[in-house]
Amino acid sequence: MEIGVIAINALGLLGFAFILVSTRMKTKPSFLVTDMTGNIIAGIHYVFLGGAGGVLFCWAYALFDLAALKLGRAGLPVLGALLGGACVILLFFNPGWADLIAVIGSVVAVLSRLQSDMRLVLLLAAASSLFWATYGVMMASWPQIGFSLTYIALSLFGAWQAHRARQAGI
């Protein structure tokens, strides 16, 4: 394996590591900041892979996180505009099936950021990751595949923990 491919995949692993760490955050603001950092780095990974859907949506996720962090529910129009803009831009990249899968996964991820209950945030994030794992297979991005499968497991575990804590009154 050549050094460039190793470096590109290492960059992807770094970005995805930040996103994975976000699942362990206890508050929505810490989740959003950590997730935003990871998505910026993962987007750079996709620049080098030539994955238009990956670039656009990783960076859109970072913007969604920022909007959710700063605007809360009032950010809904901003989030809708960002998603709509990303979809329009994708049209100029001659999208294929992989990019359509990224769009669906991204819509679900946007919905997760609009939730106030961490359980719902994490459950929808897991659902989004199912689509992103498929995207990773289609793009031959092994960091994306590994990340998505791990993120699904951590998100579901975090949602379960949040549910138990809520039931216990913590």
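Provided above is the structure to which this section pertains.
Rules and cut-offs
- Residues numbered from 1 in each chain as written.
- Predicted model: local features only at pLDDT ≥ 70, side-chain atom pairs only at ≥ 80, totals over all residues.
- Heavy atoms only, no water.
- Helix = DSSP H or I, 4+ residues; strand = E, 2+ residues; numbered from the N terminus.
- Buried < 20%, exposed > 50% of the residue type's maximum accessible area, 1.4 Å probe, protein only.
- Contact = heavy atoms within 4.5 Å.
- Axes fitted to C-alpha atoms, helices over the stretch in contact; angles between N-to-C directions.
- Parallel < 35°, antiparallel > 145°, perpendicular 65-115°, else oblique.
- Left-handed = near helix turned anticlockwise from the far one by under 90°.
- Nonpolar A, V, L, I, M, F, W, Y, C, P; charged D, E, K, R; others polar.
- Expected span 1.5 Å × (residues − 1).
- Patch = residues over 30% accessible without salt bridge, like charges linked within 9 Å, V, L, I, M, F, W, Y side chains within 5 Å.
- Areas by Shrake-Rupley, 256 points an atom, 1.4 Å probe, with all protein chains shown as cover.
- Salt bridge = Lys/Arg side-chain N within 4 Å of Asp/Glu carboxyl O.
- Phe/Tyr/Trp six-rings, centres within 6.5 Å; stacked < 30°, edge-to-face > 60°.
- Core = buried A, V, L, I, M, F, W, Y, C linked by side-chain atoms within 4.5 Å.

**A look at the environment of Ile41**
Right, on to step 1. Locating Ile41 in the fold gives a position in helix 2 (residues 28-49).
Right, on to step 2. Since its relative accessible area comes to 16%, Ile41 is described here as buried.
Right, on to step 3. Distance in space between the C-alpha atoms of Ile41 and Val55 is 9.8 Å, their sequence separation being 14 residues.
Right, on to step 4. For Ile41, the residues in contact, after removing those within four places along its chain, are Leu11, Leu14, Gly15 and Phe18.

**What about the packing of helix 6 (residues 118-139) against helix 7 (residues 142-168)?**
Right, on to step 1. At a minimum axis separation of 8 Å, helix 6 and helix 7 run at an interaxial angle of 170 degrees. On the basis of their axis angle, the class for helix 6 and helix 7 is roughly antiparallel. For helix 6 against helix 7, the interelement crossing comes out left-handed. Every residue of helix 7 that contacts helix 6 at Arg119, Leu122, Leu123, Ala125, Ala126, Ser129, Leu130, Trp132, Ala133, Gly136 and Val137 is listed here: Gln144, Ile145, Ser148, Tyr151, Ile152, Ser155, Leu156, Gly158, Ala159, Ala162, His163 and Arg166.
Right, on to step 2. For the contact of helix 6 with helix 7, the per-class residue count stands at 14 nonpolar, seven polar and two charged.

**Describing helix 5 (residues 97-113)**
Right, on to step 1. The terminal C-alpha atoms of helix 5 lie 25 Å apart, and with 17 residues this matches the ideal 24 Å at 1.5 Å per residue to within 8%.
Right, on to step 2. Judged by how many residues are buried, helix 5 sits mostly within the fold: 12 of 17 residues are covered.
Right, on to step 3. Within the span of helix 5, buried status applies to Ala98, Asp99, Ile101, Ala102, Val103, Gly105, Ser106, Val108, Ala109, Val110, Ser112 and Arg113.

**Concerning a nonpolar patch on the surface**
Right, on to step 1. Together, Ile40, Ile44, Val47, Phe48 and Trp59 line one region of the surface with nonpolar side chains, adding up to about 450 Å² of accessible area.
Right, on to step 2. Broken down by element, the residue count for the nonpolar patch peaks at four residues, all from helix 2.
Right, on to step 3. With respect to the helices and strands, Val47 occurs in helix 2.

**Digging into the packing of aromatic side chains**
Right, on to step 1. Summed over the entire model, instances satisfying the criterion amount to five aromatic pairs.
Right, on to step 2. Measuring from centroid to centroid gives 5.8 Å for Phe157 and Trp160, while their planes differ by 35 degrees, and the two rings are tilted. One end of the pair is Phe157 and the other is Trp160, both in helix 7 and three residues apart, which spans about a single turn.
Right, on to step 3. Overall, the relative accessible area of 37% leaves Phe157 in the partly exposed class.
Right, on to step 4. Joined through ring pairs, the aromatic side chains of Phe16, Phe147 and Tyr151 make up one cluster.

**Structural notes on the nonpolar core**
Right, on to step 1. Among the nonpolar cores identified, the biggest contains 29 residues, and Phe31, Tyr135 and Tyr151 are the most heavily contacted of them.
Right, on to step 2. Only helix 1 (3-22), helix 2, helix 3 (52-71), helix 5, helix 6 and helix 7 provide two or more residues apiece to this core.
Right, on to step 3. Among the elements that take part in this core, helix 3 stands out by supplying seven residues, more than any other.

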